Amino acid sequence: MNPQYYEIMASELERIELISNEMLVLAKPQAKSLESVDMVKVLKNVVFLLDSQALFLNIEVKLEVAESLMHDCVESEMKQVFINLLKNAFEAMPRGGEVTIRLKETAESVYVEFEDQGVGISPEKIKELGKPFFTTKEQGTGLGLLVTNKIIKNHNGSLDYESELNKGTVARIKLEKQNAASAEVKLAANVME
Ligand SMILES: Nc1ncnc2c1ncn2[C@@H]1O[C@H](COP(=O)(O)OP(=O)(O)OP(=O)(O)O)[C@@H](O)[C@H]1O
Ligand SMILES: [Mg+2]
């Protein structure tokens, strides 16, 4: 057989694995418990993880965070959310640029913002965000924001977008401090909405 076919088969298998892993997050009820997590540490880890990709894409990631900020969450899930949003920011900037990540808190909430200088999202497309398989990317599965939204909802949070075409996008996560504890019930029951 032509060796080129092996390459195609391998890369398609990789894609299948990626999709099925994301499906598992959506479908499988997993026993998870909330822990007090340093969000700054998680964000720094994620930036470190995608550092070589940023360098390759000519992207500078700026972290505007305090020394530490503790919040009750499932660390692995929050990490997945941050990875998905940071990757979307990268993928929106084919010619490079800056991504600014901000972590803020008020008495009631914790906010995490991912601001890019990318292609932006039109108002019509903003409505489509998070629908299964909605993607504008050749290599995209269109599951990133579906998984992201579900995790954030299960953590009693919300995700909002502000965007201007060819200027950039801000993805803003809001997590309620008050209700963090009740998120545990949702996480355990794996409530689908
Ligand atoms: N920061 C952003 N700037 C511009 N467009 C965005 C941004 N984030 C998301 N989008 C748009 O939303 C679509 C859906 O995003 P989503 O993360 O769900 O899937 P994807 O990135 O295409 O694929 P993947 O499953 O690999 O994440 C993207 O294809 C893109 O068109
Ligand atoms: Mg994505």
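Structure: above.
Residues numbered from 1 in each chain as written. Chains lettered and ligands numbered in written order. Predicted model: local features only at pLDDT ≥ 70, side-chain atom pairs only at ≥ 80, totals over all residues. Heavy atoms only, no water.

What about the layout of surface pockets?
1) Next: Of the volumes computed, that of the largest pocket is approximately 1,300 Å³.
2) Next: If you go around the largest pocket, you meet 45 residues; those closest to its centre are Asn84, Asn88, Glu91, Lys137 and Gly144.
3) Next: Those elements that place two or more of their residues in the lining of the largest pocket are α1 (3–27), α4 (75–91), β5 (109–116), α6 (144–154) and β7 (168–176).
4) Next: For the lining of the largest pocket, a count of residues per class yields 18 nonpolar, 16 polar and 11 charged. (1 Å grid on protein atoms, 1.4 Å probe; cavity = no way out; pocket = protein on both sides within 12 Å on 5 of 7 lines; lining within 4 Å. Points joined across faces, edges and corners; volume = space filled by probe spheres on them. Helix = DSSP H or I, 4+ residues; strand = E, 2+ residues; numbered from the N terminus. Nonpolar A, V, L, I, M, F, W, Y, C, P; charged D, E, K, R; others polar.)

Some thoughts on α4
1) Next: Between its first and last C-alpha atoms α4 spans 24 Å; for 17 residues at 1.5 Å apiece the expected length is 24 Å, and the two agree.
2) Next: The set of residues buried in α4 consists of Glu77, Met78, Val81, Phe82, Ile83, Asn84, Leu85, Leu86, Ala89 and Phe90. (Expected span 1.5 Å × (residues − 1). Buried < 20%, exposed > 50% of the residue type's maximum accessible area, 1.4 Å probe, protein only.)

Things to note about the site of ligand 1
1) Next: Lining the immediate surroundings of ligand 1 are 18 residues, of which Thr135, Thr136, Lys137, Thr141 and Leu145 lie closest.
2) Next: In this structure, Leu145 approaches ligand 1 through a main-chain N or O atom, which is 2.8 Å from an oxygen atom.
3) Next: Protein contacts shield 90% of the accessible area of ligand 1, which totals 590 Å² for the unbound molecule.
4) Next: In a pocket analysis with a 2 Å cut-off to the grid points, ligand 1 is assigned to the largest pocket.
5) Next: Secondary structure elements with two or more residues in the shell around ligand 1: α4 and α6.
6) Next: A breakdown of the residues in the shell around ligand 1 according to their chemical character gives six nonpolar, nine polar and three charged. (Near = heavy atom within 4 Å. Polar contact = N/O pair within 3.5 Å; in protein donor to acceptor, adjacent residues only side chain to side chain. Areas by Shrake-Rupley, 256 points an atom, 1.4 Å probe, with all protein chains shown as cover. Sits in = over half its atoms within 2 Å of the grid points.)

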